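# Chain and residue survey
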Amino acid sequence: MPNFHITDDRITVETATFTVILDRRPPRLSIWRGNEEVWRSGPAFGQARYGDAWLVPRSLEEVRLTGEGVRLAALTADPDRPFSLVMAVDEEGVTVRWQTDTLTGTSCTPDEWHESAYLAPAGHWYGQGQLSRGVYPLERGLIHADPFITAGTHPHGLLGIQTAVWVTSRGVGVILENERGLAIGLNRARTEQPGPPYLPPSSPNFGRGRGDGGEGA
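Residues numbered from 1 in each chain as written. Predicted model: local features only at pLDDT ≥ 70, side-chain atom pairs only at ≥ 80, totals over all residues. Heavy atoms only, no water.

### Quick look at the environment of Pro57
Positionally, Pro57 belongs in the loop between β7 (53-55) and β8 (59-65). With relative accessibility at 6%, the residue Pro57 sits in the buried group. Separated by 32 residues in sequence, Pro57 and Arg25 have C-alpha atoms that sit 8.9 Å apart. If we skip the residues at most four places from it in the chain, Pro57 touches Pro27, Phe45, Gly46, Gln47, Ala74, Leu75, Thr76, Phe83 and Trp98. (Helix = DSSP H or I, 4+ residues; strand = E, 2+ residues; numbered from the N terminus. Buried < 20%, exposed > 50% of the residue type's maximum accessible area, 1.4 Å probe, protein only. Contact = heavy atoms within 4.5 Å.)

Structure representation (structure tokens):
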């Protein structure tokens, strides 16, 4: 069984094979296998768009343990549009989901969620589906799929078989559980990034947007 260690600054979850560290201020997620980092969330982690306004989580507060895992309230600049991070950890992996919190008589569902992660900690990337160009492994190319759909002719080479599943050379599997209204980008230029001003990454990045705020690793 995973062991949860909760402090004011972070939540650490230890399993037999990996460790999850969730920093709370600002929110940041990393996964470690021994002394090796194999996953690191990017500058956009849980950003939500309402019209032209983007809300960025500043901190994660009000920790609650649930049957699903741990749930934390995300503090943003707009208290009338609250949302939470739900994280579940077991021996098989980590599931992360951002979700809106309901206020009486108020619809808080955002128009779009945006998340990103660094490619480099996970090693080489494989999967997703058929591409018209021989990009192997995937981090050597550019993929911008908005929307993420199969296509006979696609400007970035997506063909008829696509799925939101990736595996990496350091043993990480990434599954986006809800593909409705999904947009995907690998190695997208900074000028193409949606949301608030983008912070330069130290390595290529993986981004996703639209739809519901969920991811698995």
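### With respect to the nonpolar core
Judged by nonpolar contacts, the single largest core of 42 residues is most densely connected at Val20, Leu22 and Met87. It is strand β10 (residues 83-90) that contributes the most residues to this core, four residues altogether. When residues no more than four places from it in sequence are discounted, the contact partners of Met87 are Ile11, Val13, Val20, Leu22, Leu29, Glu68, Gly69, Val70, Val94, Thr95 and Val96. (Core = buried A, V, L, I, M, F, W, Y, C linked by side-chain atoms within 4.5 Å.)

### Topic: the pattern of salt bridges
According to the stated counting rule, one finds nine salt bridges in the structure shown. Here Arg40 ties to Glu37 by a salt bridge, and the two come within 3.2 Å at their closest N and O atoms. For Glu37, a relative accessible area of 18% corresponds to the buried category. The residue Glu112 makes a salt bridge to Arg49 at a minimum N-O spacing of 3.1 Å. With Glu112 in strand β12 (residues 112-118) and Arg49 in strand β6 (residues 47-50), the pair connects residues that are 63 residues apart, well separated along the chain. Within the structure, one salt-bridge network assembled from shared partners comprises Asp8, Arg24, Arg25 and Glu61. (Salt bridge = Lys/Arg side-chain N within 4 Å of Asp/Glu carboxyl O.)

### Some words on the packing of aromatic side chains
In the structure shown here, the tally under the stated rule is five aromatic pairs. Their ring planes at 45° and their centres at 6.2 Å tell us that Trp39 and Trp125 sit as a pair that is tilted. Of this pair, Trp39 sits in strand β5 (residues 36-40) while Trp125 sits in strand β13 (residues 125-131), and the two are 86 residues apart along the sequence. For Trp39, a relative accessible area of 2% gives the class buried. Look at Trp125 and you get buried, because its relative accessible area is 0%. Cation over ring: Arg40 sits above Tyr118, and NZ or CZ is 4.9 Å from the ring centre. (Phe/Tyr/Trp six-rings, centres within 6.5 Å; stacked < 30°, edge-to-face > 60°. Lys NZ or Arg CZ within 6 Å of the ring centre and 35° of its normal.)

### Quick notes on the pairing of strand β17 (residues 183-186)
With burial as the criterion, each face of β17 is covered, one bearing Ala183 and Gly185 and the other bearing Ile184 and Leu186. Pairing analysis gives three bridges linking strand β14 (residues 143-145) to β17, with the strands arranged antiparallel. Looking across to β17, one finds that Ile143 is bridged to Leu186. (Pairing = 2+ DSSP bridges.)

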